[in-house]
Every structure is written in structure tokens, then in C-alpha cells.
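The primary structure of each chain is shown beneath.
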Amino acid sequence: MALAVAAGDFTVLARYGLFGGLGHRDYLRRAEEQLTALHRQGLEVHLRVLEADDFEDYCEALGLDPRTAAARVAYAGDPELAGEPFVYTGERLAELLPVLMDDHRARVRMSVACAALLDAVGDDPAGQRRMAAVMRYVTSVFLALAEGAGEGCHLLTLRCHGPEDGEELTSAVDVCVEEGRLYPAGRDTEAFCVTLAAGVAAGGEGALLLHGDPAAGGRAAPPPGGPGERRPGDPPEGDAPARPPVRGWALVGGRLRPMTAHEVFDELADDAARGLPFPPGVDPRPGFPLPGFPGAGGGGEPLG
């Protein structure tokens, strides 16, 4: 079942007569009633977001009339939808819709990154082998990041693009570790790993930041550059409480290398210049060593 979650999408799609003259609120209430009834019958319902622009493009590509129920059913069941299905398990829509939207955004990022990855490695048998090698490497990097992050719920952010004016890809995922156990973050983890794989395979450039859990505690590291050299965002001196650490790695030619603490600060400043909020009171720290790409010692030529 495809749901028009956003009011703007609902308004556009209502012009095709898809909702029988219902308003958005009544539409969602009726959809909840239908989902509840199907769930009580023991039927497994897969959900996706009904997005106006995507639906119209889909109908145009396949020659479907967007005013027909057949078009909506075909869109809802499109096998090209990235990843495993989103299964309805009886939740109230008020609780479900934000989660469904987050899942949808992760699917979009994953689809874009998958296309970039396939373009970098090719779709022949050799390309499939390269893709498998890249994904194994990226998985090892993700696990090393989680291990190095330690206890708590941390945030990984990634931006990367191809070496020749390639499309910029971005991704973010929470990394939660409790008593040494890594808790899965679902679709966001998949999207993050595929995005990093696309950057690695394309020999791309970019940056990866690990924002430490502010509640994890610990003492602050000494300021970068030694005594007497301090910059905005440097950690506090003496016995002041530790600030949330941020560690970073630069993606250069498709390979990751640890940033210095100063480079991490500069990357945060660059993010702020791009419109992202500068995280207050953080402690920029160097990145720790990550696994190198097998057979390349962390360097080597791009795979694309």
C-alpha cells in the first residue's frame, strides 16, 4: 500500500481523483482503519510513501494513467523499491508516519548511491566482483567505526562525490553501542554503507565525521597543536567537563585517511558554511586508524 504522507503530495495527487474527494486527515484516518483491518486478518502489508513527483514520473515511464487504481497498485508494488519492504505491524499512524518517512528518505539515498556505485564498477562479472570487494571493505570500516566510537549512541555523517564533478552524495546514521553490542539502525545503515561504497569505488573525495555521544562522559583530549595554540571549538582546559568529541576521516581518491583535529574543526566550519548548524561545545579530535582496502594498504588506484 502506498500512502500519501505529506499534505503537499496529497494535494497534487488529489487532482487525479485518487482519494474520492476526501481531505488529507480523513484519508489518513480511513487508511489507518484499512491497515488495522488487514492486520487483524493476519495479512502482511508492505508500505511505501506515495510521492507525487515520483508517481507521475513512474506513470509516464510505464505509460500508465495516473488516474487509475491500477497505476497506484503498480507503484505500490514496484519491485525496484530499494531494500527489504517496510512491513506494517499494527502501529497507530501518528507513530508510524514519521518512521515511514525516515525509511523513505533512506531508500531514496540508497537508490541514488546504488546507481553511482553501479556506474563506478560496471555491471559485467568483473564489476560484480569489484562491488563485492568494496562492500566487504565498507562493512569492515563501519564495524571499526562502531568499535572505536565506544559505548553510547553516536552519529556518523558522510558526504562524498566523484573526482570529476560527480554528484554529491550524503548520508547519516546513528551508531548505538550498549555493553559492547552494536544495535542495528536498519535502512539508514544500508544507505550509509552503499553511499560510502559509491565514494570508494568512484575514487571520490569527501569527509566522514563521527560525532560522539554527548552523554557518554569521559575527559577531554588536550587541544590540537600543543600548549598555547587554541582555536574556537578547542576542548576546555584543566578540569572542565569533557565536550562531545568529533573525529574525522578524509576521503581522498576513494581512500579514507584520519583527519587531524584541526582538519575536523575546518570540516565542521565548512559544513556550517553549507548551511548546517555548527555543533556547540564540541571537542575536535583526530580520526583513529581504519582498515585499509585489501591489497592496497589503504591506498591504490580507484576501482571504477
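Refer to the structure above for everything that follows.
What this report covers is the structure whose coordinates are included nearby. Owing to the predicted nature of the structure, the values given are computational and were not obtained by experimental measurement.

Here we come to the pairing of strand 5 (residues 169–178). Residue alternation in strand 5 divides its side chains into a buried set, Leu 169, Ser 171, Val 173, Val 175 and Val 177, and an unburied set, Thr 170, Ala 172, Asp 174, Cys 176 and Glu 178. The pairing of strand 4 (residues 152–161) with strand 5 spans nine bridges and is classified as antiparallel. Each residue of the ladder has a partner; that of Leu 156, found in strand 5, is Val 173. With three bridges joining them, strand 5 and strand 6 (residues 181–183) adopt antiparallel strand pairing.

Between side chains of opposite charge, pairing is possible as soon as their charged atoms come close. Under the criterion given, the structure shown has 13 salt bridges. Between Arg 105 and Asp 102 there is a salt bridge; the shortest N-O distance is 3.0 Å. Of this pair, Arg 105 and Asp 102 both sit in helix 5 (residues 93–121), three residues apart, which is roughly one turn of the helix. Across the pair Arg 257 and Glu 263 runs a salt bridge, and its minimum N-O distance is 3.0 Å. Note on Glu 263: relative accessible area 28%, which makes it partly exposed. By sharing partners, the salt bridges in this structure join Asp 26, Arg 29 and Glu 33 into a single network.

Within the structure shown, the criterion is met by eight aromatic pairs. Measuring from centroid to centroid gives 5.1 Å for Tyr 137 and Phe 293, while their planes differ by 65°, and the two rings are edge-to-face. One end of the pair, Tyr 137, is in helix 6 (residues 125–149); the other, Phe 293, is in the segment after strand 10 (283–286), with 156 residues separating them in the sequence. Judged by relative accessible area, which is 8%, Phe 293 ranks as buried. Relative to Phe 288, the ring of Trp 249 has its centre 5.0 Å away and its plane inclined at 75°; by these criteria the two rings are edge-to-face. Taken as a pair, Trp 249 in strand 8 (residues 245–252) and Phe 288 in the segment after strand 10 lie far apart in primary sequence, 39 residues in all. Comparing Trp 249 with Phe 288 shows no difference in burial state: the two are buried. Three or more aromatic residues joined by ring pairs form one cluster here, namely Phe 10, Phe 19 and Tyr 27. Over the ring of Tyr 75 we find Arg 48; its NZ or CZ atom is 4.0 Å from the centre of that ring. The ring of Phe 293 is capped by Arg 255, whose NZ or CZ atom sits 4.8 Å from the centre of that ring.

What counts as what
- Residues numbered from 1 in each chain as written.
- Predicted model: local features only at pLDDT ≥ 70, side-chain atom pairs only at ≥ 80, totals over all residues.
- Heavy atoms only, no water.
- Buried < 20%, exposed > 50% of the residue type's maximum accessible area, 1.4 Å probe, protein only.
- Helix = DSSP H or I, 4+ residues; strand = E, 2+ residues; numbered from the N terminus.
- Pairing = 2+ DSSP bridges.
- Salt bridge = Lys/Arg side-chain N within 4 Å of Asp/Glu carboxyl O.
- Phe/Tyr/Trp six-rings, centres within 6.5 Å; stacked < 30°, edge-to-face > 60°.
- Lys NZ or Arg CZ within 6 Å of the ring centre and 35° of its normal.

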